[in-house]
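Structure assessment
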Amino acid sequence: MDAIKELELKVEELSSLLEAFKELNSNIEIEEVFQNILLQMVKVIKAEAGTLWVVDEEKEEVTASAAYGPTSSTIRNIKMNRGEGIVGKVILTGKPYLIENVAKEPAWARRVDETSGFITRSMITVPLNAKGKAIGALQLLNKKNDDFFSDEDVNLALALANQSALALHNSQMYDELYKMFMSVIRTLAQVLDARDPYTAGHSERVAKYSSWIAKKMGYGTRTCDELYKAALLHDIGKIGVLDEILRKPTGLTNDEYEIMKSHTEIGAKILSNMEPKAVMKNAVQIARSHHERMNGTGYPDRLIGEEIPMFARIVGVADAFDAMTTSRPYSKGHTLQEGAAELVRCKETLFDERVVDAFIAILEECDFNLESYGIRYDEGGIGHEPV
């Protein structure tokens, strides 16, 4: 009977591990991975609480990047020196550490309990090693049902930690690449805007307006983030337009206007050569089609209505509004109210009615103070990029 019960426990542990591995590999965004790793570990080991500590190589610190338990909010973001306490010891040695009674353990950094108010009785700390390097540690506190952690719990925790470390390592790499990618995009947009002093900040504003509109239309946060990134590059094709045309202080001639219009095709061509192509798909469509109009009078392809990609329709409205409300040497910009009235006048003919209505709702909601809307938008946790 004992053998059957032990077998059942092993099957339960294996099932928990498999489910945990599945969950760990279902996400790649760094904050989600932190919390997901910890939750799976707490669930499998049956701990009351836990903390995931991550090494900051630059600052030589270890940070509590995720926490679970009754005092998790006070534990999260606590920082320790890299070699401090049991966490520091586990990270330095790469070996797990089991403590049945922390009160008798001199290496225990008591200030964590003192800061959080949590009372730690017993503890497992296991390293997160990836590619031969310690990237953090997982700490599990107080076995449920007043039991103590055992060597078997340590082995189980190590098995999950090995998989967790790989997921965490991949997510950190993704996070670094994402930040680099966004830095490149922002730099390209800023370089482009710098060529024309009268449109400084245009790309950033259009990207923000576009993501706000999409959110108002019911799109999810990730979709809005993707739109934001793609919209930053909507005018990238102007890199191929001569300065004497791009920066001309007076109105353009017909021939010059035709050259200016070519920025849509140039931009699409530039972005279509970037990898991975699947990631750049929206950016390519937006660069090419943000000047298309619902009645087919736009350019470069004279698309009509639903033929125009939705993201391009959204950016088209944001772009037109910012252009109308920006002063140029040869024209004084409209007020925000005048720009809104022009969008309403041209909806259905030039602009998608749903997009215009969403943007008008935003303008009215913030009483035409878009700066205040941006602050509320970010404080609400919507959108990836800060205003």
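In this text, all values refer to a predicted model and were calculated from it rather than measured experimentally.

Looking only at helices and strands, the chain has 16 helices and 6 strands in total. Within the chain, buried positions represent 47% of all 387 residues. Pairs at least 24 residues apart make up 61% of the contacts formed inside the chain by residues separated by at least 6 positions. Total accessible area on the chain stands at roughly 19,400 Å², and carbon and sulfur atoms take up 53% of it.

Further remarks concern the nonpolar core. Core analysis: the largest hydrophobic core is formed by 44 residues, its most contacted members being Ile213, Ile314, Val317, Leu343, Phe359 and Leu370. Here the element with the most residues in this core is helix H13 (residues 310–324); it accounts for 9 residues. Leaving out residues up to four positions away in the same chain, Ile314 has contacts with Ser210, Ile213, Ala214, Met217, Tyr219, Leu227 and Val355. Counting residues in each nonpolar core, the second largest holds 24 residues, with Ala66, Val126, Ile135 and Leu160 among its members.

In the structure shown here, the tally under the stated rule is 14 salt bridges. The closest approach of N and O atoms between Arg313 and Asp352, which form a salt bridge, is 2.7 Å. Here Arg313 is found in helix H13, whereas its partner Asp352 is found in the loop between helix H14 (336–346) and helix H15 (353–365), with 39 residues between them in sequence. A single burial state applies to Arg313 and to Asp352, both of which are buried. Asp357 serves as the salt-bridge partner of Lys347, at 2.7 Å between the closest nitrogen and oxygen. Of this pair, Lys347 sits in the loop between H14 and H15 while Asp357 sits in helix H15, and the two are 10 residues apart along the sequence. On the basis of relative accessibility, which here comes to 34%, the residue Asp357 falls in the partly exposed class.

Glancing now at the side chain of Ser203. Secondary-structure assignment places Ser203 in helix H7 (residues 202–216). With a relative accessible area of 1%, Ser203 lands in the buried category. Once residues within four sequence positions are removed from consideration, Ser203 is found in contact with Ala189, Leu192, Asp193, Ala231, Leu232 and His234.

Turning our attention to the packing of H14 against H15. Think of two packed helices as two axes; the pair is described by the angle between the axes and how far apart they sit. The N-to-C vectors of H14 and H15 enclose an angle of 155°; their axes lie 10 Å apart at closest approach. In terms of axis orientation, H14 runs roughly antiparallel to H15. The handedness of the crossing between H14 and H15 is left-handed. Across from Ala340, Leu343 and Val344 in H14, the residues of H15 making contact are Val356, Phe359, Ile360 and Leu363. Looking at the contact of H14 with H15, its residues break down into 7 nonpolar, no polar and no charged.

Moving on to the packing of H7 against H15. The interhelical angle for the contact between H7 and H15, taken along N-to-C directions, is 100°, at an axis separation of 9 Å. Relative to H15, H7 is oriented roughly perpendicular. The residues of H15 that touch H7, namely those facing Tyr209, Trp212, Ile213 and Lys216, are Val355, Ala358, Phe359, Ile362 and Glu365. Residues of the contact of H7 with H15, tallied by class, amount to 7 nonpolar, no polar and 2 charged.

It is worth spelling out the sheet that holds strand E4 (residues 97–99) at this point. Strand order in the open sheet made by the 6 strands is E3-E2-E1-E6-E5-E4, with antiparallel pairing throughout. With one partner strand each, in any of the chains shown, strand E3 (79–81) and E4 form the two edges of the open sheet. Pairs of neighbouring strands in the sheet enclose a mean axial angle of 25°, with direction left out of account. Strand direction decides the pairing type here: strand E5 (residues 123–130) and strand E6 (residues 133–143), joined by 8 bridges, are antiparallel. Across the sheet, the residue bridging to Met123 is Leu141, located in E6.

This part covers the pairing of strand E1 (residues 47–56). With 8 of 10 residues buried, E1 lies mostly within the body of the structure. Sheet topology note: the E1/E6 ladder contains 7 bridges and is antiparallel. Along E6, the bridge assignment pairs Ala49 with Leu141. The pairing of E1 with strand E2 (residues 61–68) spans 7 bridges and is antiparallel. Bridge assignment links Thr51 to a residue of E2, and that residue is Ala67.

Cut-offs used in this document
Residues numbered from 1 in each chain as written. Predicted model: local features only at pLDDT ≥ 70, side-chain atom pairs only at ≥ 80, totals over all residues. Heavy atoms only, no water. Helix = DSSP H or I, 4+ residues; strand = E, 2+ residues; numbered from the N terminus. Buried < 20%, exposed > 50% of the residue type's maximum accessible area, 1.4 Å probe, protein only. Contact = heavy atoms within 4.5 Å. Areas by Shrake-Rupley, 256 points an atom, 1.4 Å probe, with all protein chains shown as cover. Core = buried A, V, L, I, M, F, W, Y, C linked by side-chain atoms within 4.5 Å. Salt bridge = Lys/Arg side-chain N within 4 Å of Asp/Glu carboxyl O. Axes fitted to C-alpha atoms, helices over the stretch in contact; angles between N-to-C directions. Parallel < 35°, antiparallel > 145°, perpendicular 65-115°, else oblique. Left-handed = near helix turned anticlockwise from the far one by under 90°. Nonpolar A, V, L, I, M, F, W, Y, C, P; charged D, E, K, R; others polar. Pairing = 2+ DSSP bridges.

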